[in-house]
Amino acid sequence: MPKKKAIIRKPSAGVEKFGTALVSDVRVLILAAREDLGRAVNAGLTLLYWEIGSRVRRDVLGEKRAGYGKQIVHTLSGQLEVEFGKGFGEKNLRRMVQFAEAFPDAAIVAALLRQFGWTHFTILIPIADPLKREFYAEMCRMEGWNTRTLRAKIDSMLYERTALSKKPEALIRQELKSLRAEDRMTPDLVFRDPYILDFLGLKDTYAEKDLEAAILREMEGFILEMGTGFAFVTRQKRMTIDEEDHHLDLLFYHRSLRRLVAIELKLGDFKAAYKGQMELYLAWLNRHERKEGEEKPIGLILCAGKKAETIELLDLEKDGIRVASYWTEILPKAQLQQKLHEAVLRARARIGDTPDGPSQLS
């Protein structure tokens with residue numbers, strides 16, 4: 001028998017007129033529903049993993065017998081794997097127990113699940129220092145990092161580069177608690193030291209204007225390194241004081257801090273005279289540029305090198321001034337880790353709150 005020809009209905013004029021928009025709108029609805037469903041499934045599975053880990057952990061802790069934990073996980077995983085598949089094998093079951101150990105508070109897990117997938121948690125679980133792990137969890141939540149960005153932030157040792165990591169542990173704990181409860185960012189969370197500016201491509205000898213030009217050319221990368229919340233305002237901001245012109249290198253605004261951020265670029269080591277210059281700029285900005293509802297402007301002096309005692313004696317932070325070094329070349333990870341660990345030790349030694357050792361950076 002001859003095959004029947006497919007009947008192709010020609011759309012009416014009305015469908016032709018509105019069909020494209022209709023198809024587009026319906027596609028958006030379907031894709032959005034799929035995405036929501038995927039997130040819901042991911043959140044449901046992650047919560048299930050936490051509940052399993054928490055339940056196993058309670059049983060193990062209740063026994064308090066050496067080797068019992070390994071025995072129960074091995075036995076349980078063997079039974080679960082037969083019925084539910086490889087996803088509940090011994091390795092994954094141990095990860096679930098580690099998940100419950102790293103995040104014992106169900107309320108915190110539930111809050112993070114609004115933005116986190118299981119992969120986020122698997123990246124955070126191996127971090128040994130609880131304060132460091134909490135820092136990354138809260139910053140990831142606040143700034144909406146995907147898993148790739150989270151890994152990059154950890155690899156670049158962001159926590160060790162913040163001013164927060166150099167504070168006493170009690171203050172770190174309190175600041176992270178405020179961040180979790182109130183979504184309140186502070187300068188200690190926002191500013192870091194050093195800033196890694198290897199993407200600028202600066203080699204050997206260069207002038208301040210070359211540094212500024214490279215930042216302007218690579219502004220997207222510079223803002224990524226500065227952190228979420230920074231918005232570029234202008235370069236070479238002119239300030240006329242007593243009929244004399246002064247020029248600030250870079251002016252930014254930080255949305256979470258609700259304040260202007262004045263940045264000065266310096267090639268050499270920090271000098272005490274830089275404080276007076278920045279104080280003048282901040283006073284002018286406070287008088288002429290600060291809007292109603294904003295906090296006082298804050299200054300950041302970026303130098304090729306720092307002099308710790310000079311900076312400490314000047315007590316710059318009380319005047320709203322931060323000093324940080326910048327690196328135009330990234331060190332190998334082992335050297336970076338050692339250098340930042342030493343910086344944390346020195347900072348905490350000055351305030352009498354020395355960490356226990358290198359494990360703090362693991």
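Structure shown above.
Just so we're clear, the structure is a prediction, and the values are computed from it rather than from any experiment. Residue positions are counted from 1 within each chain, in the order its sequence is given. In keeping with the predicted nature of the model, local features appear solely for residues at pLDDT of at least 70, side-chain atom pairs appear and are counted solely at 80 or more, and the whole-chain, interface and lining totals rest on all residues. Hydrogens and water are ignored here; the side-chain numbers use all heavy atoms of the structure.

Draft legend 1. Structural context of a negative patch on the surface. Together, Asp-242, Glu-243, Glu-244 and Asp-245 line one region of the surface with negative charge. Relative to the assigned elements, Glu-243 resides in the loop between β2 (230-241) and β3 (244-254). Distance thresholds for patches are 9 Å for like charges and 5 Å for nonpolar side chains (Val, Leu, Ile, Met, Phe, Trp, Tyr), applied to residues having over 30% relative accessible area and no salt bridge. In these tables, accessible area is a Shrake-Rupley quantity obtained with a 1.4 Å probe, and a residue counts as shielded only by the protein chains included in the view. When a carboxyl oxygen of Asp or Glu lies within 4 Å of a side-chain nitrogen of Lys or Arg, that pair is called a salt bridge. His is not counted, nor are the chain ends, whereas Lys and Arg count as positive and Asp and Glu as negative. By convention, the charge on Lys lies at NZ, on Arg at CZ, on Asp at CG and on Glu at CD. Helix and strand definitions follow DSSP, with helices as H or I runs of at least four residues and strands as E runs of at least two, each counted in order from the N terminus.

Draft legend 2. Looking closely at unusual backbone geometry. The omega torsion of the bond from Asp-193 to Pro-194 falls at 5°, within 30 degrees of zero and hence cis. Along the polypeptide, Pro-194 turns up in the loop between α10 (187-190) and β1 (195-196). Even without glycine at this site, Gln-236 takes up a positive phi of about 50°. Here Gln-236 lies in strand β2. Think of it in three bands: residues with accessible area under 20% of the maximum for their type are buried, residues over 50% are exposed, and the middle band is partly exposed, with areas taken using a 1.4 Å probe on protein chains only. Judged by relative accessible area, Gln-236 falls into the partly exposed class, the value being 27%.

Draft legend 3. Expanded view of the sheet that holds strand β6 (residues 321-327). Reading across the sheet, the 6 strands line up as β1-β6-β5-β4-β3-β2 and stay open at both edges, with mixed pairing between neighbours. Because the sheet does not close on itself, it has two edges, and the strands there are β1 and β2. Should DSSP find at least two bridges between two strands, the strands are regarded as paired. Bridge count between β3 and strand β4 (residues 259-265): 5 bridges; the pairing is antiparallel. Note that in β4 the partner of His-254 across the bridge is Arg-259. Two residues form a contact once any of their heavy atoms are found within 4.5 Å. Structural elements are reduced to axes, namely lines fitted to C-alpha atoms, with helices fitted over the stretch in contact, and the angle between N-to-C directions of any two is expressed from 0 to 180 degrees. Sitting on the sheet, helix α13 (residues 273-288) touches β2, β3, β4, β5 (298-303) and β6, and the angle it makes with β2 is about 100°.

Draft legend 4. Structural detail: the environment of Lys-209. Tracing the backbone shows Lys-209 in helix α11 (residues 208-217). With a relative accessible area of 64%, Lys-209 lands in the exposed category. In sequence terms Lys-209 and Leu-265 are 56 residues apart; their C-alpha atoms lie 9.1 Å from each other.

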